Amino acid sequence: MQNIFASIVQEPLSYDVGPFQLTGFGLAVLLAFVIAQIIAQRELARRGHDPEPLGDLIFAAVIGGLLGGKIYYAILMHDMSALLSRAGFVFWGGLTGGILACYLVIRRKGLSFPRISDVAAPAIAAAYSIGRTGCWAVGDDYGRPWNGPWAVSFPHGAPPSTVANMTDLFHIPAPPGSSPNQVLSVHPTQLYEVALGFVMFLILWRLRDHKHAEGWLFGLYCVLAGVERFMIEFLRAKDDRFLFGTFTGAQVIAVLFTIGGAIWMYVRRNPAANAPGIYAATQAA
């Protein structure tokens, strides 16, 4: 029998505080938005612009991100009742919802979308890296069965990484000789994404003084995020694979984000009268 029963065991992070339940996922999401606001505000101020509107934009991102993530999940599950459950916040839905909500606030306040998106790029990457620690904390979004050196089992995950769940929920064949209740070891894809998100942040932070027009850095973020998600999906335990059971719906969106980001980088490659550089005119002078 294939040895895929891990020695590393993950247990969910959750505490009851009176009538409330404090989870690792909730803490990670809260910290992600706090860090994103700090990074974006400081970077916008460093470039010579007023950082005050970022507070409203972060609030919009929270509302739009949570709604977008839930709506995407409900559509994916073909179950509108999922909108009322605590589970199911999908990244692509959250990112799209957050961008749309921020765009509406930006238009209403008469701000520049390219300017805001440029400083948001490293902030989103940092938030993504932190937010994925929440997926680890609750034991969801893990990978396919694996017997490598850092394989992890999720006996109390969401859902547990049992043989039955792998076959029934994700349509992954059971290892020969295994029983339905056995807990399998899997790729800890949440931690892979934490690391890759941090790498994206480092790249974007290194290039934050770019000489292109405002918005170029956001295009680069879309390219990096698309490539990262396209690759990680091959290791994820998923039930929406198509085309010979290889690709997922998230990979289709990842490709679109990558292409869209590359086009946006090309459009914003050179500063012009209607596409200024990243520094305020008074500071640049």
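Source: prediction; values computed, not measured.

J.: What exactly am I supposed to notice about the pattern of salt bridges here?
T.: Pairing is possible between side chains of opposite charge, provided their charged atoms come close. In the structure shown here, the tally under the stated rule is 13 salt bridges. For E214, the salt bridge is made with R115, and the minimal N-O distance between the two is 2.8 Å. Of this pair, E214 sits in the loop between α6 (189–206) and α7 (216–232) while R115 is found in helix α4 (residues 113–138), placing the two residues 99 residues apart along the sequence. Accessibility expressed as a relative area gives 26% for R115, which makes it partly exposed. When the shortest N-O distance is used, the salt bridge between R236 and D141 registers 3.3 Å. On the criterion of sequence distance, the pair formed by R236 in the loop between α7 and α8 (249–267) and D141 in the loop between α4 and β4 (152–153) is long-range, its members being 95 residues apart. Overall, D141 belongs to the partly exposed group, its relative accessible area being 24%.

J.: Can you help me understand the environment of H187 in this one?
T.: Mapped onto the fold, H187 is located in the loop between β5 (185–186) and α6. In the structure, H187 is positioned 44 residues away from G143 in sequence and 4.5 Å away in space, judged by C-alpha atoms. The contacts of H187, once residues within four sequence positions are left out, are Y142, G143, R144, W146, Y192 and L235.

J.: What is the right way to look at the sheet that holds β4 in this model?
T.: The pairing of strands in a sheet comes from backbone hydrogen bonds and takes either a parallel or an antiparallel form. Here we have 3 strands laid out as an open sheet, ordered β1-β4-β5, and mixed in their pairing. Lying at the two open borders of the sheet, with one neighbouring strand each, are β1 (8–9) and β5. Relative to β5, β4 is paired through 2 bridges, and the arrangement is antiparallel. When the sheet's bridge partners are listed, S153 is paired in β5 with S185.

J.: What is the right way to look at the packing of α6 against α7 in this model?
T.: Axes are the key here: two packed helices are described by the angle between their axes and the distance separating the axes. Interaxial distance between α6 and α7 falls to 11 Å at its minimum, and their mutual angle equals 160°. For the element pair α6 / α7, the angle class is roughly antiparallel. Viewed along their axes, α6 and α7 form a crossing whose handedness is right-handed. Touching T189, Y192, E193, L196, M200, I203 and L204 of α6 are L217, L220, Y221, L224, A225, E228, R229 and I232, all from α7. The residue inventory of the contact of α6 with α7, partitioned by class, reads 11 nonpolar, 1 polar and 3 charged.

Here is what the cut-offs are and how they apply
Residues numbered from 1 in each chain as written. Predicted model: local features only at pLDDT ≥ 70, side-chain atom pairs only at ≥ 80, totals over all residues. Heavy atoms only, no water. Salt bridge = Lys/Arg side-chain N within 4 Å of Asp/Glu carboxyl O. Helix = DSSP H or I, 4+ residues; strand = E, 2+ residues; numbered from the N terminus. Buried < 20%, exposed > 50% of the residue type's maximum accessible area, 1.4 Å probe, protein only. Contact = heavy atoms within 4.5 Å. Pairing = 2+ DSSP bridges. Axes fitted to C-alpha atoms, helices over the stretch in contact; angles between N-to-C directions. Parallel < 35°, antiparallel > 145°, perpendicular 65-115°, else oblique. Left-handed = near helix turned anticlockwise from the far one by under 90°. Nonpolar A, V, L, I, M, F, W, Y, C, P; charged D, E, K, R; others polar.

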